[in-house]
Amino acid sequence: MRILLVLAMMGWGLVWPLSKMLLAYGSPAQIASLRYLLVFVCFVPLMWLWKISFKIPRVVLVPTLLTGALNALYSYLMYAGMPYGDSGNAGVITEVLSPIIAAFLWSVYKGESLSKSAKIGLMLGLLAGAFLVDLFGNWRSMFSAFYIIYVLASLDWAALMISSRLATERINAIALNFYTSVMTFLLLSPALFLDAKDSSGAFITSIWGQGAEFFLLIGVASVFCTVFATTIFYKALFVLGVVEGGIYALLAPVFALGFAFLMLGEVPRWHTIVGGVLAVGSIYIINVLGKKH
(Lines give C-alpha, C1' and ligand atoms only; values in the text may rest on other atoms or scores of the structure.)
Protein backbone atom coordinates (compact mmCIF):
# COMPACT_ATOMS: atom_id res chain seq x y z
CA MET A 1 0.00 0.00 0.00
CA ARG A 2 2.86 2.41 0.78
CA ILE A 3 4.33 1.97 -2.72
CA LEU A 4 0.91 2.60 -4.26
CA LEU A 5 0.52 5.69 -2.09
CA VAL A 6 3.84 7.08 -3.32
CA LEU A 7 2.63 6.51 -6.89
CA ALA A 8 -0.60 8.32 -6.03
CA MET A 9 1.33 11.32 -4.75
CA MET A 10 3.36 11.25 -7.96
CA GLY A 11 0.03 11.57 -9.76
CA TRP A 12 -0.99 14.57 -7.67
CA GLY A 13 2.33 16.21 -8.48
CA LEU A 14 2.33 15.23 -12.17
CA VAL A 15 -1.06 16.84 -12.82
CA TRP A 16 0.42 20.35 -12.54
CA PRO A 17 2.79 20.29 -15.54
CA LEU A 18 0.26 18.20 -17.48
CA SER A 19 -2.36 20.89 -16.87
CA LYS A 20 -0.11 23.58 -18.33
CA MET A 21 0.60 21.44 -21.38
CA LEU A 22 -3.12 20.78 -21.93
CA LEU A 23 -3.88 24.51 -22.17
CA ALA A 24 -2.32 24.43 -25.64
CA TYR A 25 -5.48 22.62 -26.75
CA GLY A 26 -8.29 24.51 -25.04
CA SER A 27 -9.46 27.04 -22.47
CA PRO A 28 -9.33 26.36 -18.70
CA ALA A 29 -13.04 25.54 -18.55
CA GLN A 30 -12.89 23.28 -21.61
CA ILE A 31 -9.95 21.23 -20.35
CA ALA A 32 -11.31 20.97 -16.79
CA SER A 33 -14.74 19.91 -18.03
CA LEU A 34 -13.39 17.21 -20.34
CA ARG A 35 -11.07 15.93 -17.62
CA TYR A 36 -13.88 15.48 -15.11
CA LEU A 37 -16.13 13.89 -17.71
CA LEU A 38 -13.54 11.13 -17.98
CA VAL A 39 -13.11 11.04 -14.20
CA PHE A 40 -16.76 10.44 -13.32
CA VAL A 41 -17.10 7.86 -16.10
CA CYS A 42 -14.16 5.95 -14.56
CA PHE A 43 -15.66 6.12 -11.07
CA VAL A 44 -18.88 4.35 -12.14
CA PRO A 45 -17.37 0.82 -12.55
CA LEU A 46 -15.31 1.30 -9.37
CA MET A 47 -18.42 2.06 -7.35
CA TRP A 48 -20.22 -0.91 -8.89
CA LEU A 49 -17.22 -3.21 -8.24
CA TRP A 50 -16.92 -2.19 -4.59
CA LYS A 51 -20.70 -2.09 -4.12
CA ILE A 52 -20.68 1.56 -3.06
CA SER A 53 -24.13 3.10 -2.89
CA PHE A 54 -24.95 5.93 -5.29
CA LYS A 55 -27.47 7.31 -2.81
CA ILE A 56 -26.77 10.68 -1.20
CA PRO A 57 -28.17 10.83 2.35
CA ARG A 58 -30.41 13.87 2.67
CA VAL A 59 -28.55 15.07 5.75
CA VAL A 60 -25.32 15.60 3.74
CA LEU A 61 -26.91 16.82 0.50
CA VAL A 62 -25.86 20.44 1.08
CA PRO A 63 -22.17 19.75 1.87
CA THR A 64 -22.05 17.31 -1.07
CA LEU A 65 -23.39 19.94 -3.49
CA LEU A 66 -21.10 22.57 -1.96
CA THR A 67 -18.09 20.29 -2.43
CA GLY A 68 -18.97 19.87 -6.10
CA ALA A 69 -19.34 23.61 -6.65
CA LEU A 70 -16.06 24.34 -4.86
CA ASN A 71 -14.26 21.70 -6.92
CA ALA A 72 -15.56 23.24 -10.14
CA LEU A 73 -14.23 26.65 -9.10
CA TYR A 74 -10.91 25.15 -7.99
CA SER A 75 -10.52 23.26 -11.27
CA TYR A 76 -11.11 26.44 -13.26
CA LEU A 77 -8.65 28.45 -11.15
CA MET A 78 -6.06 25.67 -11.41
CA TYR A 79 -5.95 26.02 -15.19
CA ALA A 80 -6.66 29.76 -15.39
CA GLY A 81 -3.49 30.71 -13.50
CA MET A 82 -1.10 28.59 -15.57
CA PRO A 83 -0.31 31.21 -18.25
CA TYR A 84 0.95 33.62 -15.59
CA GLY A 85 3.69 31.52 -14.00
CA ASP A 86 5.33 28.14 -13.46
CA SER A 87 3.17 25.08 -12.93
CA GLY A 88 5.53 23.72 -10.25
CA ASN A 89 5.25 26.89 -8.18
CA ALA A 90 1.47 26.78 -8.57
CA GLY A 91 1.43 23.21 -7.31
CA VAL A 92 3.52 24.01 -4.25
CA ILE A 93 1.48 27.08 -3.30
CA THR A 94 -1.84 25.28 -3.59
CA GLU A 95 -0.81 21.91 -2.17
CA VAL A 96 0.83 23.31 0.97
CA LEU A 97 -1.26 26.38 1.81
CA SER A 98 -4.64 24.61 1.59
CA PRO A 99 -4.24 22.24 4.58
CA ILE A 100 -2.83 25.06 6.72
CA ILE A 101 -5.80 27.32 5.94
CA ALA A 102 -8.21 24.39 6.38
CA ALA A 103 -6.81 23.63 9.85
CA PHE A 104 -7.48 27.22 10.93
CA LEU A 105 -10.96 27.37 9.37
CA TRP A 106 -11.91 24.01 10.90
CA SER A 107 -10.98 25.20 14.39
CA VAL A 108 -13.08 28.34 13.85
CA TYR A 109 -16.02 26.30 12.54
CA LYS A 110 -15.87 23.89 15.49
CA GLY A 111 -15.32 26.71 17.97
CA GLU A 112 -12.27 24.91 19.33
CA SER A 113 -9.27 26.60 20.89
CA LEU A 114 -6.02 25.87 19.11
CA SER A 115 -3.48 23.62 20.80
CA LYS A 116 0.06 24.86 21.35
CA SER A 117 1.37 22.76 18.44
CA ALA A 118 -1.40 24.05 16.16
CA LYS A 119 -0.56 27.66 17.01
CA ILE A 120 3.12 27.04 16.26
CA GLY A 121 2.18 25.28 13.03
CA LEU A 122 -0.10 28.12 11.90
CA MET A 123 2.54 30.76 12.69
CA LEU A 124 5.04 28.76 10.66
CA GLY A 125 2.39 28.48 7.93
CA LEU A 126 2.02 32.27 7.79
CA LEU A 127 5.78 32.61 7.38
CA ALA A 128 5.70 29.94 4.68
CA GLY A 129 2.95 31.82 2.86
CA ALA A 130 5.05 35.01 2.92
CA PHE A 131 7.92 33.17 1.23
CA LEU A 132 5.64 31.43 -1.28
CA VAL A 133 4.27 34.76 -2.58
CA ASP A 134 7.80 36.26 -2.51
CA LEU A 135 6.85 38.88 0.07
CA PHE A 136 10.46 39.37 1.19
CA GLY A 137 11.99 39.46 -2.29
CA ASN A 138 9.49 41.48 -4.31
CA TRP A 139 6.41 42.36 -2.28
CA ARG A 140 4.64 43.82 -5.31
CA SER A 141 4.61 40.38 -6.94
CA MET A 142 2.10 39.15 -4.36
CA PHE A 143 -0.49 41.26 -6.19
CA SER A 144 0.25 39.62 -9.54
CA ALA A 145 -2.43 37.56 -11.26
CA PHE A 146 -0.47 34.35 -10.65
CA TYR A 147 -0.29 34.64 -6.87
CA ILE A 148 -3.81 36.05 -6.50
CA ILE A 149 -5.29 33.14 -8.48
CA TYR A 150 -3.45 30.42 -6.58
CA VAL A 151 -4.01 31.95 -3.15
CA LEU A 152 -7.72 32.03 -4.05
CA ALA A 153 -7.41 28.41 -5.22
CA SER A 154 -5.83 27.52 -1.86
CA LEU A 155 -8.70 29.20 0.01
CA ASP A 156 -11.21 27.39 -2.20
CA TRP A 157 -9.54 24.01 -1.64
CA ALA A 158 -9.40 24.63 2.10
CA ALA A 159 -13.15 25.26 2.13
CA LEU A 160 -13.60 22.13 0.01
CA MET A 161 -11.64 20.07 2.55
CA ILE A 162 -14.08 21.18 5.25
CA SER A 163 -17.23 20.60 3.18
CA SER A 164 -15.99 17.15 2.13
CA ARG A 165 -15.16 16.33 5.76
CA LEU A 166 -18.76 17.11 6.68
CA ALA A 167 -20.14 15.16 3.72
CA THR A 168 -18.10 12.01 4.36
CA GLU A 169 -19.65 11.67 7.81
CA ARG A 170 -22.57 9.97 6.00
CA ILE A 171 -21.37 9.26 2.46
CA ASN A 172 -18.51 7.10 1.14
CA ALA A 173 -15.46 9.15 0.09
CA ILE A 174 -15.38 7.49 -3.33
CA ALA A 175 -19.06 8.27 -3.85
CA LEU A 176 -18.40 11.88 -2.86
CA ASN A 177 -15.61 12.07 -5.44
CA PHE A 178 -17.97 10.65 -8.06
CA TYR A 179 -20.64 13.29 -7.43
CA THR A 180 -18.02 16.02 -7.14
CA SER A 181 -16.73 15.03 -10.58
CA VAL A 182 -20.24 14.97 -12.02
CA MET A 183 -20.99 18.46 -10.70
CA THR A 184 -17.67 19.85 -11.91
CA PHE A 185 -18.36 18.50 -15.39
CA LEU A 186 -21.93 19.83 -15.47
CA LEU A 187 -21.01 23.31 -14.22
CA LEU A 188 -18.16 23.71 -16.72
CA SER A 189 -19.64 21.75 -19.64
CA PRO A 190 -21.13 24.77 -21.50
CA ALA A 191 -17.54 25.69 -22.40
CA LEU A 192 -17.27 22.49 -24.45
CA PHE A 193 -19.61 24.01 -27.03
CA LEU A 194 -17.58 27.19 -27.44
CA ASP A 195 -15.04 27.58 -30.23
CA ALA A 196 -11.81 25.63 -30.06
CA LYS A 197 -8.46 27.44 -29.95
CA ASP A 198 -7.78 26.67 -33.61
CA SER A 199 -11.21 28.07 -34.61
CA SER A 200 -12.15 24.73 -36.18
CA GLY A 201 -15.60 24.78 -34.61
CA ALA A 202 -16.93 23.77 -31.21
CA PHE A 203 -14.29 22.33 -28.88
CA ILE A 204 -16.32 19.16 -28.24
CA THR A 205 -16.24 18.27 -31.95
CA SER A 206 -12.69 19.45 -32.65
CA ILE A 207 -11.06 17.16 -30.04
CA TRP A 208 -11.42 14.14 -32.34
CA GLY A 209 -8.98 15.78 -34.70
CA GLN A 210 -6.30 16.24 -32.05
CA GLY A 211 -3.17 14.13 -32.09
CA ALA A 212 -2.20 11.24 -29.83
CA GLU A 213 -0.34 13.59 -27.45
CA PHE A 214 -3.57 15.35 -26.45
CA PHE A 215 -5.36 12.08 -25.64
CA LEU A 216 -2.33 10.83 -23.71
CA LEU A 217 -2.16 14.03 -21.64
CA ILE A 218 -5.88 14.19 -20.84
CA GLY A 219 -5.98 10.45 -20.20
CA VAL A 220 -3.10 10.48 -17.72
CA ALA A 221 -4.42 13.62 -15.99
CA SER A 222 -7.86 12.05 -15.62
CA VAL A 223 -7.25 8.35 -14.99
CA PHE A 224 -3.86 8.24 -13.25
CA CYS A 225 -3.59 11.66 -11.59
CA THR A 226 -7.22 11.88 -10.45
CA VAL A 227 -9.08 8.54 -10.35
CA PHE A 228 -6.14 6.31 -9.37
CA ALA A 229 -4.43 8.81 -7.06
CA THR A 230 -7.61 9.83 -5.23
CA THR A 231 -8.85 6.25 -4.81
CA ILE A 232 -5.49 5.02 -3.48
CA PHE A 233 -5.23 7.96 -1.09
CA TYR A 234 -8.60 7.25 0.53
CA LYS A 235 -7.88 3.54 0.67
CA ALA A 236 -4.52 4.29 2.30
CA LEU A 237 -6.16 6.46 4.95
CA PHE A 238 -8.31 3.46 5.85
CA VAL A 239 -5.38 0.98 5.88
CA LEU A 240 -2.57 3.11 7.30
CA GLY A 241 -4.55 5.63 9.31
CA VAL A 242 -5.01 9.37 8.89
CA VAL A 243 -1.66 10.35 10.44
CA GLU A 244 0.64 8.08 8.41
CA GLY A 245 -1.45 8.43 5.26
CA GLY A 246 -1.45 12.19 5.61
CA ILE A 247 2.34 12.31 5.86
CA TYR A 248 2.61 10.87 2.35
CA ALA A 249 0.53 13.79 1.02
CA LEU A 250 3.54 15.99 1.77
CA LEU A 251 5.27 14.34 -1.20
CA ALA A 252 2.85 15.90 -3.72
CA PRO A 253 4.44 19.39 -3.85
CA VAL A 254 7.90 17.81 -4.13
CA PHE A 255 6.77 15.77 -7.14
CA ALA A 256 5.08 18.88 -8.61
CA LEU A 257 8.40 20.74 -8.65
CA GLY A 258 10.29 17.70 -9.92
CA PHE A 259 7.96 16.91 -12.81
CA ALA A 260 7.70 20.59 -13.77
CA PHE A 261 11.50 20.72 -14.03
CA LEU A 262 11.78 17.49 -16.02
CA MET A 263 8.87 18.11 -18.39
CA LEU A 264 8.82 21.89 -18.81
CA GLY A 265 12.30 22.94 -17.74
CA GLU A 266 10.93 25.05 -14.90
CA VAL A 267 13.66 25.81 -12.37
CA PRO A 268 12.25 26.12 -8.83
CA ARG A 269 12.72 29.57 -7.30
CA TRP A 270 14.54 29.82 -3.99
CA HIS A 271 11.61 31.45 -2.19
CA THR A 272 9.28 28.67 -3.39
CA ILE A 273 11.63 26.00 -2.02
CA VAL A 274 12.03 27.80 1.34
CA GLY A 275 8.30 28.45 1.61
CA GLY A 276 7.50 24.89 0.63
CA VAL A 277 9.83 23.43 3.25
CA LEU A 278 8.40 25.71 5.95
CA ALA A 279 4.85 24.84 4.90
CA VAL A 280 5.57 21.10 4.98
CA GLY A 281 6.91 21.60 8.50
CA SER A 282 3.77 23.53 9.41
CA ILE A 283 1.51 20.76 8.10
CA TYR A 284 3.54 18.14 9.97
CA ILE A 285 3.26 20.05 13.24
CA ILE A 286 -0.50 20.62 12.86
CA ASN A 287 -1.57 17.24 11.49
CA VAL A 288 0.95 14.86 13.06
CA LEU A 289 2.35 16.31 16.27
CA GLY A 290 -1.00 17.87 17.07
CA LYS A 291 -2.82 14.55 16.74
CA LYS A 292 -0.23 12.77 18.90
CA HIS A 293 -1.09 15.14 21.72
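To be clear, the structure that these remarks concern was listed above.
Here the structure is a predicted model, which means the values were calculated and not measured. (Residues numbered from 1 in each chain as written. Predicted model: local features only at pLDDT ≥ 70, side-chain atom pairs only at ≥ 80, totals over all residues. Heavy atoms only, no water.)

A. Local environment of the nonpolar core. Of all hydrophobic cores here, the largest spans 70 residues; its most connected members are W16, Y150, F203 and F214. The element contributing the most residues to this core is helix α2 (residues 28-49), with nine residues. With sequence-adjacent residues up to four places away left out, Y150 is seen in contact with W16, L77, M78, G81, M82, A90, I93 and T94. Of all hydrophobic cores here, the second largest spans nine residues; its members include L5, A229, F233 and A252. (Core = buried A, V, L, I, M, F, W, Y, C linked by side-chain atoms within 4.5 Å. Buried < 20%, exposed > 50% of the residue type's maximum accessible area, 1.4 Å probe, protein only. Helix = DSSP H or I, 4+ residues; strand = E, 2+ residues; numbered from the N terminus. Contact = heavy atoms within 4.5 Å.)

B. Here's a closer look at the packing of α2 against helix α7 (residues 173-188). Where α2 meets α7, the closest approach of the two axes is 8 Å, and the angle between their N-to-C directions is 150 degrees. Once α2 is placed against α7, the crossing between them reads as left-handed. Where α2 approaches α7, its residues A29, A32, S33, Y36, L37, V39, F40, F43, V44 and M47 are matched on the opposing element by I174, A175, N177, F178, S181, V182, T184, F185 and L188. Class assignment of the residues belonging to the contact of α2 with α7 gives a composition of 15 nonpolar, four polar and no charged. (Axes fitted to C-alpha atoms, helices over the stretch in contact; angles between N-to-C directions. Left-handed = near helix turned anticlockwise from the far one by under 90°. Nonpolar A, V, L, I, M, F, W, Y, C, P; charged D, E, K, R; others polar.)

C. Here's a closer look at the packing of aromatic side chains. Scanning the model with the defined rule gives 15 aromatic pairs in all. Judged by centre distance (6.5 Å) and plane angle (25 degrees), the rings of W208 and F215 are stacked. For W208, a relative accessible area of 66% translates into the label exposed. Taken together, the aromatic side chains of F40, F54, F178, Y179 and F185 make up a single cluster linked through ring pairs. (Phe/Tyr/Trp six-rings, centres within 6.5 Å; stacked < 30°, edge-to-face > 60°.)

Distances and angles like these do not, on their own, reveal function.
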